[in-house]
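Breakdown of the fold
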Amino acid sequence: MGILNKVFDLNKRELKRLDKLAAKIDAIASETERLTDEQLREKTEEFKARYQKGETLDDLLVEAFAVVREGARRVLGLYPYHVQLMGGISLHEGNISEMKTGEGKTLTATMPVYLNALSGKGVHVVTVNEYLASRDATEMGQLYEFLGLTVGLNLNSMDKDEKQAAYACDITYGTNNEFGFDYLRDNMVLYKEQKVQRPLYFAVIDEVDSILIDEARTPLIISGSAQKSTVLYMQANAFVRTLTKDVDYTYDEKTKAVMLTEEGISKSEKAFGIENLFDISHVTLNHHINQALKAIVTMHLDVDYVVQDGEIVIVDQFTGRLMKGRRYSEGLHQAIEAKEGVEIQNESMTMATITFQNYFRMYEKLSGMTGTAKTEEEEFRNIYNMNVIVIPTNRPITRDDRADLIYASMEGKFRAVVEDIAERHQKGQPVLVGTVAIETSELISRLLLKKGVRHNVLNAKNHAREAEIILEAGQAGAVTIATNMAGRGTDIKLGEGVKELGGLAVIGTERHESRRIDNQLRGRSGRQGDPGITQFYLSMEDELMRRFGSDNMKAMMQKLGMDDTQPIQSKMVSRAVESAQKRVEGNNFDARKQLLQYDDVLRQQREIIYTQRDEVLESENLREIVQNMILRSIQRHVDVNAPGQADEEEWNLKGIVDFAHANLLGEGDVTVDDLRGKDQEEIVEFIFAKCKEHYEEKEQILSSEQMREFEKVVTLRAVDSKWIDHIDAMDQLRQGIHLRAYGQTDPLREYQHEGLAMFEAMVESIEDEAAMYIMKAEIRNNLERQEVAQGHAVNPKEDGEAVKKKPKVNKENVGRNDPCPCGSGKKYKNCHGAGK
């Protein structure tokens, strides 16, 4: 076994390698020590120049680490140990350094952060809350600034300019939430200058297990209410009912295409009191009229949908089954609700969403630190491609970890816990009590009050106050009750005379379903070789024991006639608890993996859309892109109406002409006679040539600059509105997809398959809409890009309460025939709009 261990223990091999590298840094320590402050600072510029000339960061590692180490001694009065150098090298290599509590993780991170910041690409240091981000940015910032690097802090309360400045720094501190939300917001901006983040390069995540595992299932969401009012659905529905088939609109039974004729367009303009239905400011109205037409003409009650309990439920065309939870996208569902007179469900839309798993996987290089990661190593390796390297402690651990005490009932357990605390408090030994739930901490607090024991209660609500309480938890006589996660990232230093009393006593009131969290609690005691003791109290009524077969043990305790005052202390029970924990961890890993597989479908789509959106923002001239959209839109409609495999006699040339008139050209620009005798390709070329002529005319009327901006306005609007609808539709699909398992199909495969079909349909719909507005809309001089909907970040940590972002103020666009806003009573065009 010994030989096998040597061969297979990757950790030992890694540590050997890291040890050798760290020894090289030690070897040049005295040389670095002789440098003056000025020379030490100049090293930064020297390293940057060498990097630009082609040296890699690995080449610079030994010298750079030595420089940071010496800088830390001068600025912070701290000198990283040999094991901290090893931890730092492991971080630079994109791994997780598991370092026990009190081993100086914050200082360890300064070395790889400095080294990677030399690249000029920006390093992100990620913490679990803003208090820790501010604390570390201030404390460690002194060291970086001494060495000539800039440090930024990214907080939720900052505006765009402050955030841009923070991200432009060499090193940026912030929370996982804020980095994630900034990424989403950057992909909703209307001008490229509004973006705040640079491309994601290197992140060091503090408490990496908390962020990448405990919070991995929490998606970040920016939600907003779409600017669609239910009233408009009703009005569009009432108006469409007045239209006549073949006079006001055309309907093609085969393709289910329904379109307004010139007559219908004029009627719409009259009914809604507007001049041009295709004006950019009437996009929403036009959309509502089209959806109402679709709902009334093409969707049939009890065929395509049924009304059940006041709701519209879609019928699956192939199986005839009801698809509960599915909704038609793009407002069609609401249009049907208006048609059937049921309550119209207002859209609260998810405008952008991403999970931490997918956000952090976008960094070129990712690393992390924590006291407890080994138990989740498989997950880190599979999902993030990071190895967990267990870094040895600087001094041996002398803490006494006692075997669990198991009681028959909860009441007996809590009685014993309180007795133990009171006894230790009596002799002045500090005690930290860890609880899994807030109500447990309040129960123990009440019991201690009865006993007259003074104590502090912490339950992860106020981070700054929390750190203060945790700092004092090591003083003689202190009793602190905390939920297991409270005070993470803060060190408990022992007060005077506490070592002689046996160090900090950590008492756990039950086992957490994850071994990691128990280890985190244990690690609060016995830092840097200090003495300490840890003891877990369990009962047969604890949730973990109830879930994992403790019935026989409970019966055994009763058989032995054990009452509530006698605990059993048995390694066998502790092992049973540990195997139960392993099973829960396995289940949780599977759940996260499955979530990721579903989320990957949306990730691929998000990357495509965000990349295309960036192209629109970055490019100076969209003419070619837009014309390709118009071409593809024509090709699709020609394919549907004149399929290659059908005889030409069966082609629906009128359908093609109707499409061209409704979406691209003026009445009479294309006639059926024009298309007769042409093959598919020639028809497409003929219509496309007409469109190009029309495009040229438009460009003649406007300046080239206005035309380019107009293209951007239209394209961005089409992309954003369709993408938001698509995210919403994908969300609805996902919620109902697990029901497919009853039909013997794999829900994930179905989701991937349908998700792809929906994505392709969305891309087509973006092209159709952009083509229509580019060709049909009249262009005003005061063109302005507008948000499709107002969004705010929904912070997962704050119980789903919406964290309001400052809304962007949209300048109101006044129609030429609207009353002038100055209050004169005249039409805008005859008053302040004159000459515009």
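Residues numbered from 1 in each chain as written. Predicted model: local features only at pLDDT ≥ 70, side-chain atom pairs only at ≥ 80, totals over all residues. Heavy atoms only, no water.

Per an unreviewed UniProt entry, the protein goes by Protein translocase subunit SecA and derives from Neobacillus citreus. The heading Subunit (unreviewed entry) in the UniProt record of the protein holds the text "Monomer and homodimer. Part of the essential Sec protein translocation apparatus which comprises SecA, SecYEG and auxiliary proteins SecDF. Other proteins may also be involved." (UniProt positions renumbered as here; feature names shortened; annotations may be inferred.)

Counting buried positions along strand β20 (residues 504-508) gives five out of five residues, so the element sits mostly inside the fold. Going residue by residue along β20, you find Leu 504, Val 506 and Gly 508 tucked away on one face and Ala 505 and Ile 507 tucked away on the opposite face as well. For strand β17 (residues 431-435) and β20, the ladder comprises four bridges, and the chain directions are parallel. Opposite Leu 432, over in β20, you have Val 506 as the bridge partner. Looking at chain direction, β20 and strand β21 (residues 532-539) are connected through five bridges and run parallel. Of the residues in β21, the one forming a bridge with Val 506 is Thr 534. Chirality of the crossover, the property in question, places the unit of β20, helix α21 (residues 515-522) and β21 among those that are right-handed. (Buried < 20%, exposed > 50% of the residue type's maximum accessible area, 1.4 Å probe, protein only. Helix = DSSP H or I, 4+ residues; strand = E, 2+ residues; numbered from the N terminus. Pairing = 2+ DSSP bridges. Right-handed = clockwise from strand over helix to strand, strands pointing away.)

Under the counting rule described, the total for this entry stands at 13 aromatic pairs. On the basis of an interplanar angle of 45 degrees and a centroid distance of 6.3 Å, the ring pair of Phe 380 and Tyr 384 is categorised as tilted. With Phe 380 and Tyr 384 both in helix α17 (residues 377-384) and four residues apart, this pair spans about one turn of that helix. When its relative accessible area of 0% is taken as the criterion, Phe 380 is described as buried. Each member of the aromatic cluster is reached from another via a ring pair, and the members are Tyr 183, Phe 356, Tyr 359, Phe 360, Tyr 363, Tyr 610 and Trp 723. (Phe/Tyr/Trp six-rings, centres within 6.5 Å; stacked < 30°, edge-to-face > 60°.)

The backbone phi angle of Asp 246 is positive, close to 70 degrees, even though this residue is not glycine. By secondary structure assignment, the location of Asp 246 is in the loop between α12 (230-240) and β7 (249-252). When its relative accessible area of 59% is taken as the criterion, Asp 246 is described as exposed. The phi dihedral of Asp 309 falls on the positive side, at around 50 degrees, and the residue is not glycine. Classification of Asp 309 by relative accessible area gives exposed; the value is 73%.

With that out of the way, let us pick up the nonpolar core. For soluble globular proteins, the rule of thumb is that nonpolar side chains tend to be buried together. Counting 112 residues, the largest nonpolar core has Leu 184, Leu 212, Phe 360, Phe 380, Ile 630, Ile 634 and Leu 664 as its most contacted members. The residues contacting Leu 184, other than those within four sequence positions of it, are Leu 220, Ile 222, Ala 352, Thr 353, Ile 354 and Tyr 610. Leu 18, Leu 61, Met 86 and Val 125 belong to the second-largest nonpolar core, a separate cluster that totals 50 residues. (Core = buried A, V, L, I, M, F, W, Y, C linked by side-chain atoms within 4.5 Å. Contact = heavy atoms within 4.5 Å.)

What follows covers the pattern of salt bridges. Tallying each qualifying case throughout the model produces 48 salt bridges. Notably, a salt bridge pairs Arg 74 with Glu 70, separated by 3.0 Å at the nearest N-O pair. Note that Arg 74 and Glu 70 are positioned in helix α5 (residues 57-75) at a spacing of four residues, about one turn of the helix. A relative accessible area of 28% places Arg 74 in the partly exposed class. For Glu 70, a relative accessible area of 4% corresponds to the buried category. Through salt bridges with shared partners, one network takes in Glu 33, Asp 37, Glu 70, Arg 73 and Arg 74. (Salt bridge = Lys/Arg side-chain N within 4 Å of Asp/Glu carboxyl O.)

Under the feature "binding site: ATP" (unreviewed entry), the UniProt entry names Gln 84, Gly 102, Glu 103, Gly 104, Lys 105, Thr 106 and Asp 491. Within the element layout of this structure, Gln 84 appears in helix α6 (residues 82-92). The class of Gln 84 is buried, set by a relative accessible area of 3%. Mapped onto the secondary structure, Lys 105 falls in helix α7 (residues 105-117). The class of Lys 105 is buried, set by a relative accessible area of 13%. Looking at Lys 105, its side chain comes within polar contact range of the main-chain oxygen of Met 99, at 3.2 Å. (Polar contact = N/O pair within 3.5 Å; in protein donor to acceptor, adjacent residues only side chain to side chain.)

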